[in-house]
2 protein chains.
Amino acid sequence: MLNDIALFIHIVEQRSLAAAGKSLNLPPATVTRRLKKLEETLQCQLIHRSARNFALTAEGSSYYDAFSGLVKQIEETARHLNSEMHQVSGPLKVLAPTNISIGILQPMWSDFIKQYPEVHLNLQISNGLEDIVLSQVDIALRIGPQNDSALYQKKLGNIATILVASPGYLDRYASPDSLSELANHQIIVTDIFSKWVLTNTQLNRQEDYYPNAHLILNDIYLASQMVQDGHGIALLPITEVYKELNEGKLQRVLTDWQGPEREIFAIWPTGKLLNAKAKALRDFMSDYISTTPILQGKF
Amino acid sequence: MLNDIALFIHIVEQRSLAAAGKSLNLPPATVTRRLKKLEETLQCQLIHRSARNFALTAEGSSYYDAFSGLVKQIEETARHLNSEMHQVSGPLKVLAPTNISIGILQPMWSDFIKQYPEVHLNLQISNGLEDIVLSQVDIALRIGPQNDSALYQKKLGNIATILVASPGYLDRYASPDSLSELANHQIIVTDIFSKWVLTNTQLNRQEDYYPNAHLILNDIYLASQMVQDGHGIALLPITEVYKELNEGKLQRVLTDWQGPEREIFAIWPTGKLLNAKAKALRDFMSDYISTTPILQGKF
DNA sequence: TAACATGATTTCATTTTTGGAATTAATATC
DNA sequence: GATATTAATTCCAAAAATGAAATCATGTTA
């Protein structure tokens, strides 16, 4: 019935069934029938009409006065929201991991905002596993294997993981020459790497190493700080240590061995349907990450 | 689409497709399909749902925020107008002839307002033939034959027409004894009676008399005043002269002869569909007029 | 982990609505 | 008054929507 009321408002404003039908892309037969049905539903005649004449009844006038403003608002609101869905502007809610967002990807967010000034970015960073659906986010950046089949995803890149220690630690304990020598060292373990699946890049051999933890932490940034402070050896994503490696604050250990690659995904909860803003961000992230060698597993 | 948006608002408020369907008397199949169709039309998912879970998407939240108030207003407005159509309250626009409304029927309007204090009467009186349709009136009172087949009507009564003159006039000219003697008299003609179709009630014979006008007027009240002032004989509705006859200010002429009866009708432009207010007035007028002997042609 | 409960979705026959063509009705014009 | 014009209405076959029953999917519970 609301559809028919909206049609009635259009008819009144154009003072013609045919004209309203034309502007709404409806055939005359449909217009006349729906108006007639509305009159039957409301149990009052709304319009006196003939081939040459058009006149509202008293009731028709009441209904027009009451509904015309509301219908206009609804249609304008629909247009506005539809426009927003299909253009890169307005609010965009994003979920992303803390460490990488304030680290290597911080310029990416900055560049996105610069390129799309009409988008109002609401960036929620967290190292916890927030529920994408309940958070009502448009899109999220995730690192590591994604198991939620309800979510759509696109892979953006890889992060290598390597073993590192500080120069001071290695001065005191000498760098190990084999995995078995790690047992003689102080190991810092993070939650995401409780078991080390290590690959020898020279021999192309893989081994699972179960570290005896000297220290267990649930934050990678904190772990890299502890490693810098000389507390031991850790398996860390290269994104968290590449600067320190370049500055000599950290050194690689067992350089032939690497940990598992950590995949980077864009994921979203809305199936194939992705609004233009989120799509723009997804593509922007994809471009940025694919043109950053370290985020493609290269170093 | 507006119907589906309204359904979406109901679903969100009840956080359940099934509950919304139940309250709106729609089967689950219809609810799920219409929501799905809305999502396809809008090209965005609005709700994540399963048997046990309900969550809005970011877009769903935007659409709810934007539309919930508007949908409530539209539904409330529809209820309000529907209630008005079906109850005897609110505005009622009426068209009626001037002379009879300020004369014999004045107490009827007064009584109607007293009986229905919730009705806001807009009484437009006129002796012209106003266009019922263009005037956007709910109902009209009309006197005389009605030719407009587009209008619905109900006959309420009759008004007799008689020949009258003042005592002063009859002192000077002596009362005529036959129609042919009228030629020797001064005749006052009104527009509605340019040709006198007269019936002899004793002989049950009808004759057409073409008066030679001494004075022509387009208002019956003014005509009765001129008759009282002694300017001649006129054929007038009894409703305009019954008081003066009782007071002796006027006297009948050729008492065996009467003019044509003038029928009283209630007419309205909206076919079978008549709102409750107009229906109340129609029935009220019918009762009032049918219990007034002079308005049933009796005197 | 399997069974169960519950709500959402799909299937299929039926009903309703739609679009194009034909018809009707009401003015306008001559 | 007769005819032409124009827009509204009706008819009929096709398309879309609906409702009831069956099926599916997802949490919850034992």
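Residues numbered from 1 in each chain as written. Chains lettered and ligands numbered in written order. Predicted model: local features only at pLDDT ≥ 70, side-chain atom pairs only at ≥ 80, totals over all residues. Heavy atoms only, no water.

## Some points on the nonpolar core
Ranked by internal contacts, the top residues of the largest apolar core, which has 56 residues, are F8(A) and F8(B). The residues touching F8(B), leaving out its near neighbours within four places in the chain, are L35(B), L38(B), L46(B), I47(B), L56(B), G60(B), Y63(B) and Y64(B). Listed in part, the 40 residues of the second largest apolar core include V119(A), A160(A), I220(A) and L274(A). (Core = buried A, V, L, I, M, F, W, Y, C linked by side-chain atoms within 4.5 Å. Buried < 20%, exposed > 50% of the residue type's maximum accessible area, 1.4 Å probe, protein only. Contact = heavy atoms within 4.5 Å.)

## Points about the protein's contact with DNA strand D
Close to DNA strand D lie 22 residues; T32(A), A51(A), R52(A), P27(B) and T30(B) are nearest. Near-protein atoms of DNA strand D (within 4 Å) split between backbone and bases, with sugar and phosphate holding 69%. At a separation of 3.3 Å, a base nitrogen of DNA strand D approaches a polar side-chain atom of R33(A). A distance of 2.6 Å separates a phosphate oxygen of DNA strand D from a polar side-chain atom of T30(B). For the surface near DNA strand D, the elements supplying multiple residues, two or more each, are helix 2 (17-24) and helix 3 (28-42) of chain A together with helix 3 (28-42) of chain B. Of the residues assigned to the surface near DNA strand D, the class counts are eight nonpolar, six polar and eight charged. (Near = heavy atom within 4 Å. Polar contact = N/O pair within 3.5 Å; in protein donor to acceptor, adjacent residues only side chain to side chain. Helix = DSSP H or I, 4+ residues; strand = E, 2+ residues; numbered from the N terminus. Nonpolar A, V, L, I, M, F, W, Y, C, P; charged D, E, K, R; others polar.)

## Side note on the sheet that holds strand 9 (residues 196-200) of chain A
All names here are of chain A. Spatial ordering of the open sheet is given by 10-9-14, a layout of three strands whose pairing is antiparallel. Each edge of the open sheet carries a strand with a single partner, namely strand 10 (205-209) and strand 14 (257-258). Bridge count for strand 9 against strand 10 is five bridges, and the pairing is antiparallel. When the bridges of strand 10 are listed, L198 appears paired with E207. (Pairing = 2+ DSSP bridges.)

## Quick look at the protein's contact with DNA strand C
Within the structure, DNA strand C sits among 22 residues, and P27(A), T30(A), A18(B), T32(B) and R52(B) are positioned closest to it. Within the contact set of DNA strand C, a phosphate oxygen lies 3.0 Å away from a side-chain nitrogen or oxygen of K37(A). Here a base nitrogen of DNA strand C and a side-chain polar atom of R52(B) are 2.8 Å apart. Those elements giving two or more residues to the surface near DNA strand C turn out to be helix 3 of chain A together with helix 2 (17-24) and helix 3 of chain B. Counted by class, the surface near DNA strand C contains eight nonpolar, six polar and eight charged residues.

## Thoughts on the packing of aromatic side chains
Applying the stated criterion across every chain, the model contains 12 aromatic pairs over all chains. Between F112(A) and F284(A), the aromatic rings sit 5.4 Å apart at their centres with planes inclined by 70°, giving edge-to-face as the arrangement. Of the two residues, F112(A) sits in helix 6 (residues 106-115) while F284(A) sits in helix 10 (residues 276-290), which places them 172 residues apart along the sequence. A relative accessible area of 1% means that F112(A) is categorised as buried. Take F284(A): its relative accessible area is 13%, and that puts it in the buried class. With centroids separated by 4.9 Å and ring planes inclined at 45°, the aromatic side chains of F112(B) and Y116(B) adopt a geometry described as tilted. One aromatic cluster is present, formed by F112(A), Y116(A) and F284(A) through successive ring pairs. (Phe/Tyr/Trp six-rings, centres within 6.5 Å; stacked < 30°, edge-to-face > 60°.)

## Brief notes about helix 4 (residues 58-85) of chain A
Residue and element names in this part refer to chain A. Here helix 4 spans 40 Å end to end across 28 residues, near enough to the 40 Å set by a 1.5 Å rise per residue. Its axis deflected by about 40° at F67, helix 4 carries its strongest bend there. The opening residue of helix 4, the one whose side-chain oxygen lies 3.4 Å from the backbone nitrogen of E59, is T57. (Expected span 1.5 Å × (residues − 1). Bend = angle between axes of the 7 residues up to and from the residue.)

## Some points on the environment of L170(A)
Residues and elements named next belong to chain A. Its location among the elements puts L170 in helix 7 (residues 167-173). A relative accessible area of 10% means that L170 is categorised as buried. Remark: the alpha-carbon pair of L170 and G232, spanning 62 residues in sequence, is separated by 8.8 Å. Excluding residues within four positions of it along the chain, L170 makes contact with A165, S175, Q251 and V253.

## Some points on the interface of chain A and chain B
Across the contact, 40 residues belong to chain A and 40 residues belong to chain B. Taking both sides of the interface into account, the surface hidden between chain A and chain B amounts to around 3700 Å²; carbon and sulfur atoms contribute 67%. Area buried by chain A at its contact with chain B is led by L2(A), I74(A) and Q136(A), which between them contribute 17% of it. At the boundary of chain A and chain B, one finds zero salt bridges. Linking chain A with chain B are 12 residue pairs in polar contact (both at pLDDT 80 or more), by the criterion used here. At the level of elements, helix 1 (2-14), helix 3, strand 2 (54-56) and helix 4 of chain A are the ones that each hand at least two residues to the side of chain A that touches chain B. Taken together, the residues of the side of chain A that touches chain B sort by class into 22 nonpolar, 15 polar and three charged. (Buried area = accessible area lost by both parts, 1.4 Å probe. Salt bridge = Lys/Arg side-chain N within 4 Å of Asp/Glu carboxyl O.)

## Observations concerning the domain arrangement of chain A
Residues and elements named next belong to chain A. Domain annotation for chain A reports domain 1 (2-85), domain 2 (90-159 + 262-295) and domain 3 (161-258). Here the C-alpha centroids of domain 2 and domain 3 sit 28 Å apart. Opposite the eight residues of domain 2 that make contact, domain 3 presents 11 residues. Roughly 770 Å² of surface becomes buried between domain 2 and domain 3 when both sides are summed, with 65% attributable to carbon and sulfur atoms. In terms of surface lost to domain 3, no three residues of domain 2 exceed N99, I159 and R262, which account for 60% of the buried area on that side. Taken together, domain 2 and domain 3 are joined by zero salt bridges. Our count for the domain 2 to domain 3 interface comes out at one residue pair in polar contact (both at pLDDT 80 or more). Residue classes in the side of domain 2 that touches domain 3 are distributed as five nonpolar, two polar and one charged. (Domains from an automatic or database assignment.)

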